[in-house]
Amino acid sequence: MNLIHYFKKKKAAIIFVVYLRYLVGGAMVFSSIVKIKGERFTSTDGIAAPVNSAWHFFETLYQSGVYWKFLGWSQLLTGLLLMTQLYAALGAVLLFPITLNILMITLSYYFAGTPVITGLLVLANILLILWDYQKLLPLFQIYSRPQPNAFLSSRAIEHDRIWSYLGVLLFLFTVVYVPLFERNPIPWFLTCIILGVGGFLIFHRRKT
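Let me sum up the structure you'll find in this document. (Residues numbered from 1 in each chain as written. Predicted model: local features only at pLDDT ≥ 70, side-chain atom pairs only at ≥ 80, totals over all residues. Heavy atoms only, no water.)

### As for the layout of surface pockets
There is about 1100 Å³ of room inside the largest pocket. Along its surface, the largest pocket is lined by 34 residues, and Met28, Ser31, Phe41, Ile102 and Leu121 are the ones closest to its centre. Going through the elements one at a time, helix H2 (11-36), helix H3 (54-63), helix H4 (66-84), helix H5 (88-108), helix H6 (114-131) and helix H9 (185-207) are the ones with two or more residues in the lining of the largest pocket. The leading source of residues in the lining of the largest pocket is H2, at eight residues. Split by residue class, the lining of the largest pocket holds 25 nonpolar, seven polar and two charged. (1 Å grid on protein atoms, 1.4 Å probe; cavity = no way out; pocket = protein on both sides within 12 Å on 5 of 7 lines; lining within 4 Å. Points joined across faces, edges and corners; volume = space filled by probe spheres on them. Helix = DSSP H or I, 4+ residues; strand = E, 2+ residues; numbered from the N terminus. Nonpolar A, V, L, I, M, F, W, Y, C, P; charged D, E, K, R; others polar.)

What follows is the structure, given as structure tokens:
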């Protein structure tokens, strides 16, 4: 894991991870709202679709009711944990079965090129777990001994409060936006970029 330690010394790599958490977490929150509201993920129902089709699969999930909302709340929680930055390690671990499940769904049914996107999502999730791997090591150690750990010490960049404030702002914006604008992704994504750039400029100005 020397490579991880190497990149943890690089400001650009730390900023990249911070915004990768926003991207992945924001995507989870964005897609969770419709499930929590008890609405279909697709624009039309899949009742008449073939049993082995993706549309019929989503219709079955939607008709489950409680399970459909459970999926939404799970995505909302993991997205929030990632976007706070403070609990990103926990969020990345909880998110992994979700992203892996999404990938397997897109591989099991015909989704054209969607498996490429879901595959990248899983890779991003793995990267976020590896980034915080030292926080998870105690779970796999039978005998733990106090050891100096450079990773667990607060770093001036990654632990700056601006990232937590920005994460909560992006989370709240997404939660409000999706019900009001019917999941139109382009304005949401562009606004998130503007907020993200604004947060980075504030961070950069404070550090210079």
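### Here we look at the nonpolar core
In terms of nonpolar packing, the biggest core is built from 37 residues, with Tyr22, Val24, Leu82 and Trp163 touching the most fellow members. Within the residue set of this core, elements represented by two or more residues are H2, H4, H5, H6, helix H8 (161-181) and H9. Of all the elements, H2 adds the most residues to this core, at 13 residues. Each residue touching Val24, except ones within four places of it in the same chain, is listed here: Leu82, Leu95, Leu121 and Ala124. Grouped together as the second largest cluster of nonpolar side chains are six residues, Ala54, Phe58, Leu61 and Ile105 included. (Core = buried A, V, L, I, M, F, W, Y, C linked by side-chain atoms within 4.5 Å. Buried < 20%, exposed > 50% of the residue type's maximum accessible area, 1.4 Å probe, protein only. Contact = heavy atoms within 4.5 Å.)

### What about the packing of H4 against H8?
Remark: H4 packs on H8, axes separated minimally by 7 Å, with the N-to-C direction vectors making an angle of 150°. Comparing their axes, H8 and H4 come out roughly antiparallel. Listed contacts from H8 to Leu76, Leu80, Met83 and Thr84 of H4 are Trp163, Ser164, Gly167, Val168, Leu170, Phe171 and Val175. Of the residues assigned to the contact of H4 with H8, the class counts are eight nonpolar, three polar and no charged. (Axes fitted to C-alpha atoms, helices over the stretch in contact; angles between N-to-C directions. Parallel < 35°, antiparallel > 145°, perpendicular 65-115°, else oblique.)

### A few points about empty space enclosed by the protein
This structure, assessed with the given rule, holds two cavities of 30 Å³ or more. Taken as a whole, the largest cavity spans an internal volume of roughly 70 Å³. Contributing to the lining of the largest cavity are Arg21, Gln85, Leu86, Lys135, Glu158, His159, Asp160, Trp163 and Ser164. In this structure, the second largest cavity spans a volume of roughly 30 Å³. Lining of the second largest cavity is provided by Arg40, Phe41, Thr42, Phe58, Glu59 and Tyr62. Partitioned by chemical class, the residues of the lining of the second largest cavity number three nonpolar, one polar and two charged.

### Topic: the packing of aromatic side chains
Each aromatic ring pair is described using two quantities: the centre-to-centre distance and the angle formed by the ring planes. For the structure shown, the criterion picks out 12 aromatic pairs. Between Phe57 and Phe58, the aromatic rings sit 5.8 Å apart at their centres with planes inclined by 65°, giving edge-to-face as the arrangement. Accessibility expressed as a relative area gives 22% for Phe57, which makes it partly exposed. Between the aromatic rings of Tyr67 and Phe70, the centroid separation amounts to 6.2 Å while the plane-to-plane angle is 25°, which identifies the pairing as stacked. (Phe/Tyr/Trp six-rings, centres within 6.5 Å; stacked < 30°, edge-to-face > 60°.)

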